[in-house]
There are 2 protein chains.
Amino acid sequence: MDHEQAVAVLRDKGYRLTPQRLIVLSIVADGAGHMGVDEIFQSAKTAYPYMDVATVYRTLHLFRNLGVVTEVAIGDRLHYELTDPLGGHHHMVCRVCDGAFNLSPHYLEEFRNTLSQEFGFEPDLEHFAISGVCAGCRDSN
Amino acid sequence: MDHEQAVAVLRDKGYRLTPQRLIVLSIVADGAGHMGVDEIFQSAKTAYPYMDVATVYRTLHLFRNLGVVTEVAIGDRLHYELTDPLGGHHHMVCRVCDGAFNLSPHYLEEFRNTLSQEFGFEPDLEHFAISGVCAGCRDSN
DNA sequence: TGTGTTACTGCAACTATTTGCGATTACAAA
DNA sequence: TTTGTAATCGCAAATAGTTGCAGTAACACA
Ligand SMILES: [Mn+2]
Ligand SMILES: [Mn+2]
Ligand SMILES: [Zn+2]
Ligand SMILES: [Zn+2]
């Protein structure tokens, strides 16, 4: 997903291309990796001073529901990034240094299959963040 | 962990046995399974009208840090139960019917080992809840 | 049993997020 | 280009949870 494709999704589904939406989209698209809501909001207010946090939240939720952005809970805060065109990935987030490391979904397929086969339970395993301690922080201790 | 053991933990570590703490403990101990914070608070206010939500939160966090209760995020709300004396367990929580099913930690050991060996990442995998759709809800669809 | 220390509490203010509502505006159709 | 209308917005109020602070009370010790 890139900026252009995202705009096309909005247009195709009949959503209005408001300046607020385009600004939030640009910020998330230009940001490197996950961005926290306040980070996005502060940046948006610079470009458009009347911007309200409620609009940022509503816009991010819309984008998420449309698949344009992907939401990930890091700690207790939600973060957003443009949906990865290569497909899903997960994160290992270090609770000591707050570093985030990507994790291929492949590492969870086995787990998913087990739950599905043993219990008939279909887990939501899309772009989630697992907390823990990274190798660096473990060693320097 | 039972009521008596929990009181012993508090006493041994030098924490005061306030009526507020004993009330919250009794409520969680008597409740069947996970209880939401507001559920605990409402019940506590009946027993002790001056009870404040802040005290309930502080008490639950203390109990969690002492290992007396176990915290589990169900949806976006935190729930608490007395720590399982048989050792940890996880939950599969159905996002359709809100049902919660216990899951033995055994199912996650392989995943833990993989992350540890491949990335040196030590995940926090204690008493967590994985969201998804249960067998019942999947079939009646 | 009485007293002092300080852990703990209630309260109120604060943060993060959500929601209702009346005003605005994107955009389809004229 | 103008206009009608529903979608969207800003604002303010509401909800869940956290935190600073000044007063209260648990409990160690006399
Ligand atoms: Mn990601
Ligand atoms: Mn449990
Ligand atoms: Zn780290
Ligand atoms: Zn279900």
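Overview of the structure. (Residues numbered from 1 in each chain as written. Chains lettered and ligands numbered in written order. Predicted model: local features only at pLDDT ≥ 70, side-chain atom pairs only at ≥ 80, totals over all residues. Heavy atoms only, no water.)

Digging into the interface of chain B and chain A
Thinking step 1. Contact residues are listed per partner, giving 26 residues for chain B and 26 residues for chain A.
Thinking step 2. For the chain B and chain A pair, buried surface summed over both sides reaches about 2300 Å², with 66% attributable to carbon and sulfur atoms.
Thinking step 3. Counting every contact that joins chain B to chain A gives two salt bridges.
Thinking step 4. A salt bridge links E122 of chain A to R138 of chain B, with the nearest nitrogen and oxygen atoms 3.3 Å apart.
Thinking step 5. Top contributing element to the side of chain B that touches chain A by residue count: helix α5 (residues 106–119) of chain B, with eight residues.
Thinking step 6. Grouping the amino acids of the side of chain B that touches chain A by side-chain chemistry returns 16 nonpolar, four polar and six charged.
Thinking step 7. Pairing between strand β6 (residues 122–123) of chain A and strand β7 (residues 129–133) of chain B: two bridges, direction antiparallel. Each residue of the ladder has a partner; that of E122 of chain A, found in β7 of chain B, is V133 of chain B. (Contact = heavy atoms within 4.5 Å. Buried area = accessible area lost by both parts, 1.4 Å probe. Salt bridge = Lys/Arg side-chain N within 4 Å of Asp/Glu carboxyl O. Helix = DSSP H or I, 4+ residues; strand = E, 2+ residues; numbered from the N terminus. Nonpolar A, V, L, I, M, F, W, Y, C, P; charged D, E, K, R; others polar. Pairing = 2+ DSSP bridges.)

Quick word on the sheet that holds strand β5 (residues 100–103) of chain A
Thinking step 1. Pairing is mixed in the open sheet, where four strands are placed in the order β5(A)-β4(A)-β7(A)-β6(B). Because the sheet does not close on itself, it has two edges, and the strands there are β5 of chain A together with β6 (122–123) of chain B.
Thinking step 2. For strand β4 (residues 90–94) of chain A and β5 of chain A, the ladder comprises four bridges, and the chain directions are antiparallel. Opposite M92 of chain A, over in β5 of chain A, you have F101 of chain A as the bridge partner.

None of the figures reported here should be taken as evidence of function without further support.
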